[in-house]
Amino acid sequence: MALRSDWSERSCSMARGLDILGDPWSMLVLREIFFGNGRFDAMKSRLTVADSVLTKRLAGLVESGLLTKKPYDDGGRTRQEYVLTAKGEDALPVLNAVVIWAEKHLPAPSDEAHMFVIHSGCGRRTGSADTCTNCGERLTAANTSWHSLTRSESPVELATAAA
């Protein structure tokens, strides 16, 4: 999904990656999915985003293979929920890196406006996007939590790829 132009065929790996992950709305959609928030209305409410913007980003993430749709029953009608694929789960270190960088370099507008990457294995906050800086274990969605102080008092386990 291109931001301004199609970078999917560029010879630079970073440009090709940014073609999909370089859009802020797409990254925020992935954040919601990792938080286990894969239903359209719940994402729309949490992100305070227009239907058209969310629909376009979700379609792009599905087309790119980072998300897939899974049916669920909404009390009489079948709807679609968005879940991670293995390719989408592999984007976790990118999101972790953004969170860690922002916490280190950008001021928070309030005491509650913080988010931390927690390695569930040792229970400690990490300063690395892909490896726990306390115990050295590789971080995966299955062993990583995010602690967003605006969401909950305790860390939230991340969603993993759909089986």
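Residues numbered from 1 in each chain as written. Predicted model: local features only at pLDDT ≥ 70, side-chain atom pairs only at ≥ 80, totals over all residues. Heavy atoms only, no water.

A.B. asks: Tell me about the sheet that holds strand β5 (residues 144-148), and name the residues and values.
C.D. replies: In spatial order, the strands read β4-β3-β5-β6; together these four strands make up an open sheet with antiparallel pairing. Of all strands in the sheet, those bounded by a partner on one side alone are β4 (124-125) and β6 (156-157). Looking at chain direction, strand β3 (residues 115-119) and β4 are connected through two bridges and run antiparallel. Its bridge partner lying in β4, His 119 is registered against Arg 124. Helix-sheet contacts for helix α6 (residues 92-105) involve β3, β4 and β5, and the interaxial angle to β3 is about 125°. (Pairing = 2+ DSSP bridges. Helix = DSSP H or I, 4+ residues; strand = E, 2+ residues; numbered from the N terminus. Contact = heavy atoms within 4.5 Å. Axes fitted to C-alpha atoms, helices over the stretch in contact; angles between N-to-C directions.)

A.B. asks: Before we move on, could you go through the layout of surface pockets and cite the residues and values that matter?
C.D. replies: To find leftover empty space, one rolls a probe the size of a water molecule over the atoms. Estimated volume of the largest pocket: approximately 530 Å³. Arg 31, Val 99, Ala 102, Glu 103 and Met 115 are, among the 23 residues lining the largest pocket, the residues nearest its centre. Contributing elements (two or more residues each) for the lining of the largest pocket: α2 (24-34), α6 and β5. Among the elements that make up the lining of the largest pocket, the one with the highest residue count is α6 (six residues). (1 Å grid on protein atoms, 1.4 Å probe; cavity = no way out; pocket = protein on both sides within 12 Å on 5 of 7 lines; lining within 4 Å. Points joined across faces, edges and corners; volume = space filled by probe spheres on them.)

A.B. asks: Now, about the packing of α2 against helix α4 (residues 51-63): what can you tell me, with residues and values included?
C.D. replies: Following both chains from N to C, one finds α2 and α4 inclined at 75°, their axes separated by 10 Å at the closest point. The angle between α2 and α4 falls in the class roughly perpendicular. In contact with Trp 25, Ser 26, Val 29 and Leu 30 of α2, α4 contributes Val 53, Leu 54, Arg 57, Leu 58 and Leu 61. (Parallel < 35°, antiparallel > 145°, perpendicular 65-115°, else oblique.)

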